[in-house]
Structure formats: C-alpha cells, structure tokens
Amino acid sequence: MNTILRVNDLKTYFDIEGGVVRAVDGVSFEVEAGRTLGIVGESGCGKSMTAYSILGLIPTPPGRVAGGEILFEDRDLLKLSSREIRGIRGNDIAMIFQEPMTSLNPVFTVGEQIAEAIRLHRGADRKEAWRRAVELLELVDIPLPEERAANYPHELSGGMRQRAMIAMAISCEPKLLIADEPTTALDVTIQAQILDVLRRLQDELGMGLMLITHDLGIVAEMAHEVLVMYAGQVVEQADVKTLFTHPHHPYTRGLLASVPTMTTETEDLSTIEGTVPDPVDYPEGCRFAARCDFAADACARPQALQDVEGRHVVRCGEWQRVMREEALQQS
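What you see as residue numbers is a count from 1 along each chain, following the sequence as written. Only residues with pLDDT of 70 or above have their local features reported here, since the model is predicted, and side-chain atom pairs are shown and tallied only from 80 upward, although totals for entire chains, interfaces and linings are computed over all residues. Heavy atoms from the whole structure form the basis of all side-chain values; hydrogens and water molecules are not counted.

## Let's talk about the overall build of the chain
Next, step 1: Under the scheme used here, helices are H or I runs from DSSP no shorter than 4 residues and strands are E runs no shorter than 2 residues, and both carry numbers assigned from the N terminus. When helices and strands are counted, the chain shows twelve helices and twelve strands.
Next, step 2: Our radius of gyration looks at C-alpha atoms and nothing else; its globule reference is 2.2 Å times the residue count to the power 0.38. Taking 2.2 N^0.38 as the reference for a compact globule, 331 residues should give roughly 20 Å; the C-alpha atoms of the chain span a radius of gyration of 21 Å, in line with that estimate.
Next, step 3: Here the C-alpha coordinates of the chain stretch approximately 65 × 50 × 40 Å along the principal axes.
Next, step 4: In what follows, a contact means two residues having at least one pair of non-hydrogen atoms within 4.5 Å. Considering only contacts within the chain whose residues lie at least 6 apart along the sequence, 66% involve residues at least 24 apart.
Next, step 5: Only the protein chains shown count as covering a residue, and every accessible area follows the Shrake-Rupley method with a 1.4 Å probe. Surface exposure of the chain reaches about 16200 Å², of which carbon and sulfur atoms provide 50%.
Next, step 6: Within this scheme the basic residues Lys and Arg register as positive and the acidic residues Asp and Glu register as negative, but His and the chain ends are omitted. A single reference atom marks each charge: NZ on Lys, CZ on Arg, CG on Asp, CD on Glu. The chain carries 32 positive and 50 negative side-chain charges, and their two centres are separated by 6 Å.

## Brief notes about the packing of helix α7 (residues 158-169) against helix α8 (residues 188-205)
Next, step 1: Helix axes are fitted only over the stretch in contact, all axes being lines through C-alpha atoms; the angle between N-to-C directions runs from 0 to 180 degrees. With their axes 10 Å apart at the nearest point, α7 and α8 run at an angle of 15° to one another. If you check the angle between α7 and α8, you find them roughly parallel. The handedness of the crossing between α7 and α8 comes out as right-handed. Contacts between α7 and α8 involve G159, Q162, R163 and I166 on the former and, on the latter, I190, Q193, I194, V197, L198 and L201. Roughly parallel means an angle under 35 degrees; roughly antiparallel, over 145; roughly perpendicular, 65 to 115; everything else is oblique. The handedness criterion is simple: a crossing whose near helix is rotated anticlockwise from the far helix by less than a right angle is left-handed, and one whose near helix is rotated clockwise is right-handed.

## With respect to the side chain of E225
Next, step 1: Tracing the backbone through its elements, the reader meets E225 in strand β9 (residues 225-230).
Next, step 2: For the exposure calls, accessible area comes from a 1.4 Å probe over protein chains only, and a residue counts as buried if that area is under 20% of its type's maximum, exposed if over 50%, partly exposed in between. Put simply, a salt bridge is a Lys or Arg side-chain nitrogen that is within 4 Å of an Asp or Glu carboxyl oxygen. The side chain of E225 sits in the buried core without any salt bridge; R311 is the nearest counter-charge, 4.1 Å away.
Next, step 3: With sequence-adjacent residues up to four places away left out, E225 is seen in contact with R35, T36, L37, G38, A238, D239, V240 and R311.

## Quick look at α7
Each α-helix winds once per 3.6 residues, and so residues spaced three or four apart point in a common direction.
Next, step 1: Expected helix span is computed as 1.5 Å times (number of residues minus one). The terminal C-alpha atoms of α7, which comprises twelve residues, lie 17 Å apart, in line with the 16 Å expected from a rise of 1.5 Å per residue.
Next, step 2: Of all twelve residues in α7, ten are buried; the element is thus mostly enclosed.
Next, step 3: Residues G159, M160, R161, Q162, R163, A164, M165, I166, A167 and A169 constitute the buried set of α7.

## What about the layout of surface pockets?
Next, step 1: With a 1 Å grid spanning the protein atoms alone, the term cavity applies to any set of points in which a 1.4 Å probe fits but cannot get out, the term pocket to an open set with protein on both sides within 12 Å along at least five of seven lines, and the term lining residue to any residue with an atom within 4 Å of a point. Grid points are joined across faces, edges and corners, and a volume is the space filled by probe spheres set on the points. Considering only enclosed or pocket space, the largest pocket measures out at about 640 Å³ in volume.
Next, step 2: Looking at the largest pocket, it is lined by 23 residues, and the ones nearest its centre are R89, G90, A117, H121 and M168.
Next, step 3: Within the residue set of the lining of the largest pocket, elements represented by two or more residues are α2 (82-88), β6 (93-96), α4 (110-122) and α7.
Next, step 4: Lys, Arg, Asp and Glu make up the charged group, whereas Ala, Val, Leu, Ile, Met, Phe, Trp, Tyr, Cys and Pro make up the nonpolar group; the residues left over, Gly among them, are polar. Per-class residue counts for the lining of the largest pocket are twelve nonpolar, seven polar and four charged.

## Concerning the sheet that holds β6
Next, step 1: Read across the open sheet, the eight strands follow the order β6-β7-β8-β3-β9-β10-β12-β11; overall the sheet is mixed. On the outer flanks of this sheet lie β6 and β11 (306-309), each paired with one strand and no other. If you compare each strand with its neighbour and ignore which way they point, the axes differ by 20° on average.
Next, step 2: Pairs of strands are assigned from DSSP output, requiring at least two bridges between the strands. Pairing of strand β3 (residues 36-40) with β9, which is carried by four bridges, proceeds in the parallel orientation. Of the residues in β9, the one forming a bridge with L37 is E225.
Next, step 3: Along the sheet, α7 makes contact with β6 and β7 (176-180), crossing β6 at roughly 175°.
Next, step 4: Across the sheet, helix α11 (residues 250-257) touches β9 and β10 (233-239), and the angle it forms with β9 is around 105°.

## Overview of α8
Next, step 1: For α8, which comprises 18 residues, the first-to-last C-alpha distance of 26 Å matches the rise-based estimate of 26 Å (1.5 Å per residue) to within 8%.
Next, step 2: All of the buried residues along α8 are Q191, I194, L195, V197, L198, L201 and Q202. Projected down its long axis, α8 carries its buried residues within an arc of 155°, all on one side.
Next, step 3: Following α8 by one or two positions, G206 has its phi on the positive side, about 70°. This arc corresponds to the set of directions leading from the helix axis out to the C-beta atoms.

## Topic: the pattern of salt bridges
Next, step 1: Taken as a whole and judged by the stated rule, the model has 18 salt bridges.
Next, step 2: Put simply, E32 and R35 hold a salt bridge, and the shortest N to O gap is 3.3 Å.
Next, step 3: For E32, a relative accessible area of 8% gives the class buried.
Next, step 4: Between R132 and E135 there is a salt bridge, and its shortest N-O distance comes to 3.2 Å. Of this pair, R132 and E135 both sit in helix α5 (residues 126-139), separated by three residues, roughly a single helical turn.
Next, step 5: Overall, R132 belongs to the partly exposed group, its relative accessible area being 22%.
Next, step 6: Three or more residues joined by partner-sharing salt bridges are found here, namely E128, R131, R132, E135 and E173.

## Examining the nonpolar core
Next, step 1: Throughout, nonpolar core names a set of buried Ala, Val, Leu, Ile, Met, Phe, Trp, Tyr and Cys residues whose side chains join them through atoms within 4.5 Å. In this structure, I96, I114, L137, V140, I166, I170 and L177 are the most contacted members of the largest nonpolar core, which totals 37 residues.
Next, step 2: The set of elements that each furnish at least two residues to this core consists of β6, α4, α5, α7, β7, α8, β8 (208-212) and α9 (216-222).
Next, step 3: Top element by residues in this core is α7. It accounts for six residues.
Next, step 4: One finds L5, A23, L37 and I70 within the second-largest nonpolar core, a separate group that totals 33 residues.

Spatial relationships are all this shows, so hold off on functional conclusions.
Okay, here's the thing in structure tokens:
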C-alpha cells in the first residue's frame, strides 16, 4: 500500500491557567492512498485536534505541538515554514469542516470561494477558475451548478452547503482529504448522499480519506481501518470488520453496545457510566479505568498499546481476561 501520511507519537497540548491540557497525547497512525481511516470517539477525545495539528491550524498560544512527527509523503510537516504549510494546505491536504456556515465566507458567492482556491494553488485565471468551480459543483451533484455558483452560502440548503465545501476541498485534487463530522446536522437522506459523493470522489481521485466522526454507522459503511480514541489517546485500532466483530478494549465494546438497532427499546439502551477524566489531570494509569467493569489493580499503571494479531492493537493490559470472561458468558 502507498502510505501518504504517517503520524508518529503526536502530542498537542494547550497551556491554560489551571495547567496543561493534553488534547492529543501520543497518537500514531497511517493513512494510505485510496483508503479510508475512520477516527471515532466521544466529544473532546482529541479527534479534531489531531486533524488541526496535521494542517498546522492549532492556535498558538495557547496551543502547541509538543512532540512527534507528521510525515506527509516523508516530509515532516512540523519542520516546514508557515509558507510551506500554506502551500500544502488546500492543495495536497484538504479538509471539510464540521459546520459549513462557519467555514464559508458569507459575503462571497460559493463560486467565488471555490475559484479563489483554484487561482491560489493552480495559477488559473479568473475565467478558467470560475469554469472549474461550476464543474466541481456539478461533480458533487448540485443541481443547476451555474446558478448555485452565483449564490451566497445563506441561499443554499444545509446539504448543498456541505456539497459546496466538498467541491472546494477537492478543487485542487488533494492526495489526502480530512472530513471532520461531514454529515453532522443533516437528515439521514442527505447524509447518505454526502457519503456517496465522498466515496465516488475517492474512487475517482485515489485520495486517502481521514474520516472523523462519532457515528459508528458511518464508520462501518465508509472506513477500511478504524482508530478509537479516548481522552487524547488511541485505545484500539483494527480493520473495520475486526473492530466491529471482535472489539477488545472495554471502551470500544461500550461504544458498540450503545448503538441502537431497529428492535432496541428505549429502556434497553446501553450506556457507559461515569465521565471522562479531567484533561489537566489525567490518571497515571488507564484513563478509562474509572468507568470500566473489568478494571484491575494493574490498570493503575501506564498502559501501552499491545499487538493482538495482524494490524490490531489495543491499549489494555486486561484484554485477554475480558475476552475469556465474554467467552464463558456465551458458552
């Protein structure tokens, strides 16, 4: 496989009055061309901060990348100048942000904003950039693309704004696309259409896709590999089939158990008791231990990622006992 992005031991911290928030604390993963890495976890686990770190969008101060490597095609992005990063951002690496209304400029038309990126990174003249902007709107299945290109963001529906964001993101045919909750606040029909657009564009362009979401249904449908984050750390990583059929970390198991089905009654919904630890004062040992039904004395010690088999890793010293107890319950 052609690995286009390698993140090694990334640490992104925020210095605040009460201490240091370890938003991303030693995260490592790879993204391959033409494949999708799904990153899941509850709000505040570090998913988006990981993406912002890759793009050099961490506000400094109070934020800082405290350590690690971000290797894009073997170039460490953390060692590049601001100018060099701007040349990569939007051109080789693009991002679809969570809320298009806050990402699109309300005083410029949608077509102007897409054309600007093409002029900036591809050196096209205004006429050529506008023509390409209209083509891109058509490519993401926006009806009447010439008319929509002349519209302002507030004149488009939520689904159309998200498609316009996708058109802008792919305008320079990036090698890596980061999608941060790309279907949030959209109804299920529009969600499905947006995901179809992303899947089709990935096939056509061969780009790597880093999909950040809390929706496990989207992960099951879109991802090849899945990274589960909790409290700034990776707690489990595996291919999508393995993760859904043989989850090992108690947190991953809790997430999957909490997904409702067509037959789930309200009173039968599973929850993960407790709260996420304070990011300024994470425990020395397992950060999930206080919420875990399988916690043991050994969990008070720092937990490293352990190989299960193949490319499956888990940050849990008790995973073998967890699997044995489950097997006994099922027998």
